[in-house]
Each structure stands twice: as structure tokens, then as C-alpha cells.
Amino acid sequence: MNEWPEVELGDHVDLLAGFAFKSAKFSDSPDEGVRLLRGDNVAQGTLRWGGAKHWTASEYGDFERYHLAEGDVILAMDRPWIEAGLKYAYVRKSDLPCLLVQRVSRMRGSPTLDTAFLRYLIGSQAFTGHVQGIITGSMFPTLAVVISSVSASCSHLSKPNAASRRSWGPTTT
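This is a predicted model, so every value here is computed, not measured.

Criteria and thresholds
Residues numbered from 1 in each chain as written. Predicted model: local features only at pLDDT ≥ 70, side-chain atom pairs only at ≥ 80, totals over all residues. Heavy atoms only, no water. Buried < 20%, exposed > 50% of the residue type's maximum accessible area, 1.4 Å probe, protein only. Helix = DSSP H or I, 4+ residues; strand = E, 2+ residues; numbered from the N terminus. Pairing = 2+ DSSP bridges. Axes fitted to C-alpha atoms, helices over the stretch in contact; angles between N-to-C directions. Contact = heavy atoms within 4.5 Å. Salt bridge = Lys/Arg side-chain N within 4 Å of Asp/Glu carboxyl O. Core = buried A, V, L, I, M, F, W, Y, C linked by side-chain atoms within 4.5 Å.

A few points about the pairing of strand β5 (residues 73-76)
Then comes step 1: Residues of β5 alternate between two faces, with V73 and L75 on one and I74 and A76 on the opposite face, all of them buried.
Then comes step 2: Strand direction decides the pairing type here: β5 and strand β8 (residues 88-90), joined by three bridges, are antiparallel. Its bridge partner being in β8, I74 is matched across the sheet by A89.
Then comes step 3: For β5 and strand β10 (residues 104-108), the ladder comprises four bridges, and the chain directions are antiparallel. The partner of L75 across the bridge, within β10, is S105.

In C-alpha cells form, the structure reads like this:
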């Protein structure tokens, strides 16, 4: 059996923090634009859209960098850990289109890290424990610091195959 190297997760993640959209331009009406993914919308393992704010649809193209895609992994930055658990989720097709707002981060895999496995890793007890260990009060270090501080050793895993990949959960719904 080949040994898998221990690597820094941050070297294999495409990480983006959301944009500081002007709240004065937010709308409560879904008819007026695209949903804004804010920290309020991130629950434990899912996104919730009740009471979502919206951004003018005609300006959606101006913020292409902050467009989310199916499968993106999301982590709330304000109070990421609450009594109910870690505020992380992944984007489903039904969540689109939406824009990433400040204090929320988007993570994607890379050629060396499958995004579905990244979702599994972020949702793991080990990652949750790591986050809990570095939160002080309501302060949360930047996600880049959190991600770069996680060493992802895959030595305890077998090489992924189709069956093990299915156990990570669906990549789309």
C-alpha cells in the first residue's frame, strides 16, 4: 500500500471570502434579484433561504467572481460554531443563482483535492474540533488561517474508489 503524504489543506483549496455588498441596496423581494448568501443563510450542513436578501438582477454579471456554483463548500465566518453545530453547507443546484457576501467563505477543491471530499472533511468531527479549539469568544480567525493550520493526513484512508466516493454523499441534488 502506498503511503499518502501529509499535506497542508490550504495548499489544495481555492478559498474566497465574500464581497461587501452595500446593505442599502439589499431587497427583501425575490422578484427583484438574485439571492445573497449571508451568514444568516448558513445552517448546519444546509443553506436556508427564509428571509433571504436579494441583489439587483441587472448587476449580477458585474460580480462574476462571487457567483457560486453547484458543489461549492460554504463556511460562515461570524459565529461559525453555535450550540447546534458548525455552520457549513454546500451549494445545491436549487440554491442557484446566488452571490457570496462578506463574512461567508467559499471553498473549492483543486486538481489535487476533490471538492466532494473537501465537503466531507469540513463536515467532519475532526474539523469541527479544530475550529472549536481556535475560537476565542465570538472571535474567529480568518478562514485562510484556519485552513492553513489544518494538516490533512490521508495516511489512514485507503485510495478512493467509486464505492468510497459515494459514501462522501451526493455531489448534486
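Text resumes after the structure shown.
Remarks on the sheet that holds strand β2 (residues 14-17)
Then comes step 1: The four strands are arranged β2-β10-β5-β8 in an open sheet whose pairing can be described as antiparallel. Each end of this open sheet is capped by a strand with a single partner; those strands are β2 and β8. The average angle at which neighbouring strand axes cross in this sheet is 20 degrees, direction not considered.
Then comes step 2: Helix α1 (residues 115-122) rests against β5, β8 and β10 of the sheet, and its axis sits at about 135 degrees to β10.

Here's the deal with the pattern of salt bridges
Then comes step 1: Applying the stated criterion across every chain, the model contains five salt bridges.
Then comes step 2: Two residues, E59 and K25, come together in a salt bridge whose shortest N-O distance is 3.1 Å. Remark: K25 occurs in the loop between β2 and β3 (33-37) and E59 occurs in the loop between β4 (54-56) and β5; sequence separation between them is 34 residues.

Notes on the nonpolar core
Then comes step 1: Residues L37 and L99 are the most contacted members of the largest nonpolar core, which totals 22 residues.
Then comes step 2: Counting residues per element, the ones that place at least two in this core are β3, β5 and β9 (98-100).
Then comes step 3: When residues no more than four places from it in sequence are discounted, the contact partners of L99 are F21, V34, R35, L36, L37, W55, Y60, F63, Y66, H67 and L68.
Then comes step 4: Residues V73, L75, M107 and V131 belong to the second largest nonpolar core, which totals 14 residues.

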